Amino acid sequence: MEKTLIIIKPCTIQRGLTGEIIRRFEKKGLQICGMKMMQLTDEILFEHYAHLTQKPFFKRIKNSMMATPVIVCCLKGIDAVRIVRTMTGVTNGRDAAPGTIRGDYSVSVQENIIHASDSAETAAIELKRFFNKNEIFDYKQNQLSYLYANDEI
Ligand code: UDP
Ligand code: MG
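Residues numbered from 1 in each chain as written. Chains lettered and ligands numbered in written order. Predicted model: local features only at pLDDT ≥ 70, side-chain atom pairs only at ≥ 80, totals over all residues. Heavy atoms only, no water.

Attention now moves to the overall build of the protein chain. Each helix and strand counted, the protein chain has eight helices and four strands in total. Starting at the N terminus and ending at the C terminus, the protein chain contains elements arranged as β-α-α-β-α-α-β-α-α-β-α-α. Considering only C-alpha atoms, the protein chain reaches an extent of 50 × 35 × 25 Å along its principal axes. Expressed as a percentage of the 153 residues in the protein chain, the buried residues total 46%. Long-range contacts, defined here as pairs at least 24 residues apart, represent 75% of the contacts in the protein chain between residues at least 6 apart. Averaged over its 21 positive side-chain charges, the protein chain has a centre that lies 3 Å from the centre of its 17 negative ones. (Helix = DSSP H or I, 4+ residues; strand = E, 2+ residues; numbered from the N terminus. Buried < 20%, exposed > 50% of the residue type's maximum accessible area, 1.4 Å probe, protein only. Contact = heavy atoms within 4.5 Å. Lys, Arg positive; Asp, Glu negative; His and termini not counted. Charge placed at Lys NZ, Arg CZ, Asp CG, Glu CD.)

All right, on to helix 2 (residues 18-28) then. Residues of helix 2 that are buried: Thr18, Ile21, Ile22 and Phe25. Around the axis of helix 2, the buried residues are gathered within 95° of arc, so they sit on the same side. Phi turns positive one or two residues past the end of helix 2, at Gly29, with a value near 115°. (Arc of directions from axis to C-beta.)

So, about the sheet that holds strand 3 (residues 70-77). Strand order in this open sheet of four strands is 2-3-1-4, and the pairing throughout is antiparallel. Edge strands, defined here as strands with exactly one partner in the open sheet, are strand 2 (31-38) and strand 4 (114-116). Direction aside, neighbouring strands of the sheet carry axes that sit 20° apart on average. In the sheet, strand 2 pairs with strand 3 via seven bridges, with the strands oriented antiparallel. Considered in strand 3, the bridge of Met38 is made with Val70. Relative to the sheet, helix 7 (residues 120-130) contacts strand 1 (2-8), strand 2, strand 3 and strand 4, its axis offset from that of strand 1 by approximately 60°. (Pairing = 2+ DSSP bridges. Axes fitted to C-alpha atoms, helices over the stretch in contact; angles between N-to-C directions.)

Before going further, it helps to spend a moment on unusual backbone geometry. Non-glycine residue Asp79 carries a positive phi angle of around 55°. Mapped onto the secondary structure, Asp79 falls in the loop between strand 3 and helix 5 (80-88). Judged by its relative accessible area of 35%, Asp79 is partly exposed. Backbone geometry places Ile113, a non-glycine residue, at a positive phi of 80°. In this fold, Ile113 is placed in the loop between helix 6 (101-105) and strand 4. Given a relative accessible area of 0%, Ile113 falls into the buried group.

Okay, here's the thing in structure tokens:
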């Protein structure tokens, strides 16, 4: 089973959409293995958005991500990284397909509801960045045999 990270961004918290977003992943069948609220800092965002630090709008993104605390979640399932990215939709909410989270709740490139890890390698690094080991819980998912065929798990 794969684990991935999502970050509920400040725009989502301010708009009161946190529950709706978490609900989508729960309904899909992904297991919540970790969840906490935290205030992001300059340091963690420099690391997390290292690929954007040279962009002229980096400060704007950083401010947006620090506007309120965020909620970080660890979601688990077979192919969880791919499932979550597909459910999230493309970066620009105006281009994201209806039915995706960004397509349904965002009209912005920046204020696009959640962050989602983009590969298994990135997910492992990002989960370590935002969670301590004892904040990720491995517990039995009771519905497992109704979510998957027995040769899938
Ligand atoms: N972002 C932005 N303008 C851009 C590109 C990115 O405001 O031109 C913001 C946006 O919030 C995005 C985040 O920076 O979610 C990280 O960018 P990335 O390219 O990694 O997109 P993602 O993986 O979130 O789709
Ligand atoms: Mg990204």
